[in-house]
Amino acid sequence: PPAGPRQVAHRCTMGHVLDRAVLHPVTTHAEARAITGDDPWVRWALPSDPPRQMWRTEDALVVFRRGRRGRNLVVIPLPRAADPEAAVERTLALIGSTWRLADTEGMGVTVPRPYLGALERQLSVAAGGDWEWMWTRDQPPRQRAEDALVELDDSADAEEIEQLSQAHSPTAEGDPGTGLSEVWLGLRDRTGGLIAAGAMQRLPSGVPYLAGIVVHTDHRRKGLGAAVTAGLTRIGLADRDVCALSMYSDNPAARRTYERLGYRTAWAWASRMLMPAPSL
């Protein structure tokens, strides 16, 4: 809808109409880190030069992300928020009342999972997923199967990696053969068959990011996923002083493995797709 008489609206490159009087641009990565108390996700997941499109209210941060998975708006409460869920809900209400609905097609919204109710109350959303963003700065304990790790090739081994992923972890997002992964590590059985694999990629910030970790169903609970994760983490930490990964929240076994290797959860997220605007 058009701006009301007391609103001063501006159009930003994400295509929304926002209320400048309430939703203030955050123009530097340093400012975003400062107002969030150096939040790990803000510090390491978001690029610093140039920064993401970001805004703040009195007690929440809004980040617009555009990547290979699509467009997404992230809303998190600031540490100063007396009621974090209310802060998220007020911000979502503001956004929902001022953006152009025609621009929201194919867009997702992500909030901390405890505040999913605020999202569902303020915006019409469809299916999505729950996931967690984790990070570590600590060298993981040495894993028994690490000595058997082999380096894989993103191009030459792409078909084999993809077959393993599709058969045993279809939601894995390693994207072999695309050039997105700098390093692949894997484990093979006695016949040479690939039974575990994982990749190291880069976040837009440049931080090493683990992706596509998969273990053959018949070889689980043998520490193979832990070995792949530990090996990739060591490579990442040798390059930078931090390494990150994401996981779907319905995988408690993976969470236990990552925590045992030193990873900590920065945010447990709920991501939902916006319902398309009704046709007029």
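Up top you'll find the structure we're talking about.
The present account deals with the structure reproduced in this document.

About the cut-offs
Residues numbered from 1 in each chain as written. Predicted model: local features only at pLDDT ≥ 70, side-chain atom pairs only at ≥ 80, totals over all residues. Heavy atoms only, no water. Salt bridge = Lys/Arg side-chain N within 4 Å of Asp/Glu carboxyl O. Helix = DSSP H or I, 4+ residues; strand = E, 2+ residues; numbered from the N terminus. Pairing = 2+ DSSP bridges. Axes fitted to C-alpha atoms, helices over the stretch in contact; angles between N-to-C directions. Contact = heavy atoms within 4.5 Å. Buried < 20%, exposed > 50% of the residue type's maximum accessible area, 1.4 Å probe, protein only. Polar contact = N/O pair within 3.5 Å; in protein donor to acceptor, adjacent residues only side chain to side chain.

Observations regarding the pattern of salt bridges
Across all of its chains, the model carries 17 salt bridges by this definition. Of the charged contacts, one joins Glu182 and Arg202 as a salt bridge, the two residues approaching to 2.7 Å between their closest N and O atoms. With Glu182 in the loop between helix H5 (158-168) and strand E10 (183-188) and Arg202 in strand E11 (residues 194-202), the pair connects residues that are 20 residues apart, well separated along the chain. Here the residues in one salt-bridge network are Arg142, Glu146, Asp147 and Arg234, joined through shared partners.

Observations concerning the sheet that holds strand E7 (residues 107-112)
Pairing in this open sheet of 12 strands is mixed, and the strands run E3-E4-E5-E6-E7-E14-E8-E13-E12-E11-E10-E9 from one edge to the other. Here the strands that pair on one side only, and so sit at the sheet edges, are strand E3 (24-26) and strand E9 (150-152). If you compare each strand with its neighbour and ignore which way they point, the axes differ by 30 degrees on average. Across the sheet, helix H6 (residues 224-239) touches strand E8 (125-136), E10, E11, strand E12 (208-215) and strand E13 (243-248), and the angle it forms with E11 is around 25 degrees.

Here we look at the side chain of Ser249
Inspection of the secondary structure puts Ser249 in the loop between E13 and helix H7 (252-260). Using a relative accessible area of 15% as the deciding quantity, one classes Ser249 as buried. At 3.3 Å, the side chain of Ser249 and the backbone nitrogen of Trp131 are in polar contact. Among the polar contacts made by the side chain of Ser249, one reaches the side chain of Glu132 at a distance of 2.9 Å. Once residues within four sequence positions are removed from consideration, Ser249 is found in contact with Arg113, Asp130, Trp131, Glu132 and Arg255.

So, the pairing of E10
For E10, a buried count of 5 out of 6 residues is recorded, marking the element as mostly surrounded by other parts of the structure. In this structure, E9 lies alongside E10, joined through 3 bridges in antiparallel fashion. Considered in E10, the bridge of Val150 is made with Gly186. Bridge count for E10 against E11 is 6 bridges, and the pairing is antiparallel. Bridge pairing links Leu185 to Gly198 in E11. The hairpin formed by E10 and E11 contains 5 residues between the paired strands, and Gly192 there has a positive phi angle of roughly 95 degrees.

Points about unusual backbone geometry
Residue Pro50 is reached from Asp49 by a cis peptide bond, and omega for that bond is -10 degrees. Backbone geometry places Arg221, a non-glycine residue, at a positive phi of 65 degrees. Structurally, the position occupied by Arg221 is in the loop between E12 and H6. Overall, Arg221 belongs to the exposed group, its relative accessible area being 91%.

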